[in-house]
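# Coordinate analysis (summary)
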Amino acid sequence: MALVLGACGGNSELRMIVGTYTDTDSEGLYSLAFDEETGEARLLDSCRVDNPSYLTLSDDGRHIYAVSEMHDDEAAVVALTFDPASGGFEVIDSRKTRGADPCYVATNGKIVVTANYGGSMSVFPITADGGVGEMSDFYEGGIGGSDSMRQCVPHVHCTEFAPDGRHLYVSDFSADRLLVFAVTDNGVEQLKTCVDVAADNGPRHIVFDRSGKHAYVIGELSGLVTVLDVDGAGMSVRQVVDADPGDARSAADLHLSPDGRFLYASVRQPSDCITIYSVDGTTGELTETGRQKTGLHPRNFNITPNGKYLLCACRDSDRIDVYRIDTATGMLTDTGRPIMLPRPVCVKWAR
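This text gives an overview of the structure that appears in the document. Note that the coordinates shown come from a computational prediction; the quantities given were computed from them, not determined experimentally.

## Details of the sheet that holds strand β17 (residues 214-219)
- Strand order in the open sheet formed by 4 strands is β16-β17-β18-β19, with antiparallel pairing between adjacent strands. Strand pairing shows two members of the sheet lacking a second neighbour, β16 (203-208) and β19 (234-242), which therefore form its edges. Neighbour-to-neighbour, the strand axes of this sheet turn through a mean angle of 25°, independent of strand direction.
- Here β17 pairs with strand β18 (residues 224-231) via 5 bridges, running antiparallel. Across the sheet, residue His 214 finds its bridge partner in β18, namely Asp 229.

Listed below in structure tokens is the structure:
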């Protein structure tokens, strides 16, 4: 394993948690120190977890919840403690998701929710020690999309809590819609409300702006980014733009810059790029401003809290590309200092 790293330290140092696929020589989870002023990084620790392809942290950064994306009944969510000072991990417990290929996990501090690409959503209470208890709820996705190969069985890809804390939105990939859940004291309750997106969309990831008035959904199959106006549990389509220059049918992730002025969307092979948009501060509408070529298979990416760097996990290049962001235009410049890790697919921050 090779890492391109430098010395870093001081108040600008973040803790960076990376999830990887473990079908080669990866340990699973890695922690690094990343200096958000200089763009330099150094390896801190690793922890053996099978296929932790997506993860999230508790608000205090002391607990990590990671999926173990297995194709069978070994599929699970894993709870770990995390020491920001040392970057060290310790597994607390693991719970079976009962749904194959969990690919996304979210928490509101009371429950942990996984999206299982095998077609379901699993809900777990958080225990007093920050672990996950026995599954409390299980929901299945639907079908109805027009792609006879990729939407013929249910797939669920994202579970995202709204900024209001009262709703959970779930991408029902094979039905071309978002499911809506009310967040209760003990978990979630599915509402009759759902949000339809365009046919042949395959909704994948969802992100909200800071106001909670607008949401953005990227369609894996269509490559479209749908801009939605949010009103309580309801959403209405405001705008649809195309992030995929090559009809790759493999759009992946999207994120807003910390100041909300730019939105970035990744598209995997053969396009292998990040499309860049400026965001209208009033309407939430998008204007494409550029495109950045990346390494192979850009999956999840993340932006440093100060908005200066974008780090993109390029799975098939075995590296995390590090881009400097022009905070005036949103455009990206490759620093030429990639972080070399096997099969990286998820990047998260902790102080």
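Having seen the model, we can carry on.
## As for the pairing of strand β10 (residues 120-125)
- Across the 6 residues of β10, 5 count as buried, placing the element largely inside the fold.
- Taken together, the 6 bridges between strand β9 (residues 111-116) and β10 define a ladder with antiparallel strand orientation. Its bridge partner lying in β10, Val 112 is registered against Phe 124.
- The hairpin turn running from β9 into β10, its antiparallel successor, is 3 residues long, and Gly 119 in that turn takes a positive phi close to 120°.

## Points about unusual backbone geometry
- Between Gln 269 and Pro 270 the backbone carries a cis peptide bond, its omega angle lying at 0°.
- Positionally, Pro 270 belongs in the loop between β21 (262-267) and β22 (273-279).
- A positive phi angle, close to 55°, is found at Asp 101, a residue other than glycine.
- Looking at the secondary structure, you find Asp 101 in the loop between β7 (88-96) and β8 (102-107).
- Judged by relative accessible area, which is 13%, Asp 101 ranks as buried.
- In this model, Asp 200 sits at a positive phi of 65°, which is unusual for a non-glycine residue.
- With respect to the helices, strands and loops of the structure, Asp 200 is situated in the loop between β15 (188-196) and β16.

## Here we look at the side chain of Asn 300
- Tracing the sequence through the fold places Asn 300 in strand β24 (residues 298-303).
- Within the structure, the side chain of Asn 300 is placed 2.7 Å from the backbone nitrogen of Val 347, a separation counted as a polar contact.
- Asn 300 has contacts with Tyr 54, Asp 253, His 255, Cys 312, Ala 313, Val 345, Cys 346 and Val 347, leaving out every residue within four places of it along the chain.

## Some points on the sheet that holds strand β20 (residues 251-256)
- Reading across from one edge, β20-β21-β22-β23 is the order of the 4 strands in this open sheet, with antiparallel pairing throughout. For this open sheet the edge positions go to β20 and β23 (286-293), each flanked by a neighbour on one side alone. Averaged over all adjacent pairs, the angle separating strand axes in this sheet is 20°, with direction ignored.
- Across 6 bridges, the pairing between β21 and β22 is antiparallel. Bridging from a neighbouring strand, Ser 266 pairs with Ile 274 of β22.

## Brief notes about the environment of Ala 248
- Tracing the backbone shows Ala 248 in the loop between β19 and β20.
- Taking relative accessible area as the criterion, Ala 248 reaches 15% and is therefore assigned buried.
- Put simply, Ala 248 and Glu 37 are 211 residues apart on the chain and 34 Å apart in space, counted from C-alpha to C-alpha.
- Once you skip the residues sitting within four places of it in the chain, Ala 248 turns out to touch Val 267, Arg 268, Gln 269, Pro 270 and Ser 271.

## Quick notes on the environment of Asp 244
- With respect to the helices, strands and loops of the structure, Asp 244 is situated in the loop between β19 and β20.
- Asp 244 sits in the buried class, given a relative accessible area of 7%.
- A C-alpha to C-alpha distance of 20 Å links Asp 244 and Gln 151, two positions 93 residues apart in sequence.
- With near-sequence residues (within four places) excluded, Asp 244 lies in contact with Gly 223, Arg 249, Val 267 and Ser 271.
- In this structure the side chain of Asp 244 is engaged in a polar contact, spanning 2.9 Å, whose partner is the backbone nitrogen of Gly 246.
- Here the side chain of Asp 244 touches Arg 249 through a polar contact of 3.4 Å, landing on its backbone nitrogen.

Rules of the game
- Residues numbered from 1 in each chain as written.
- Predicted model: local features only at pLDDT ≥ 70, side-chain atom pairs only at ≥ 80, totals over all residues.
- Heavy atoms only, no water.
- Pairing = 2+ DSSP bridges.
- Helix = DSSP H or I, 4+ residues; strand = E, 2+ residues; numbered from the N terminus.
- Axes fitted to C-alpha atoms, helices over the stretch in contact; angles between N-to-C directions.
- Buried < 20%, exposed > 50% of the residue type's maximum accessible area, 1.4 Å probe, protein only.
- Polar contact = N/O pair within 3.5 Å; in protein donor to acceptor, adjacent residues only side chain to side chain.
- Contact = heavy atoms within 4.5 Å.

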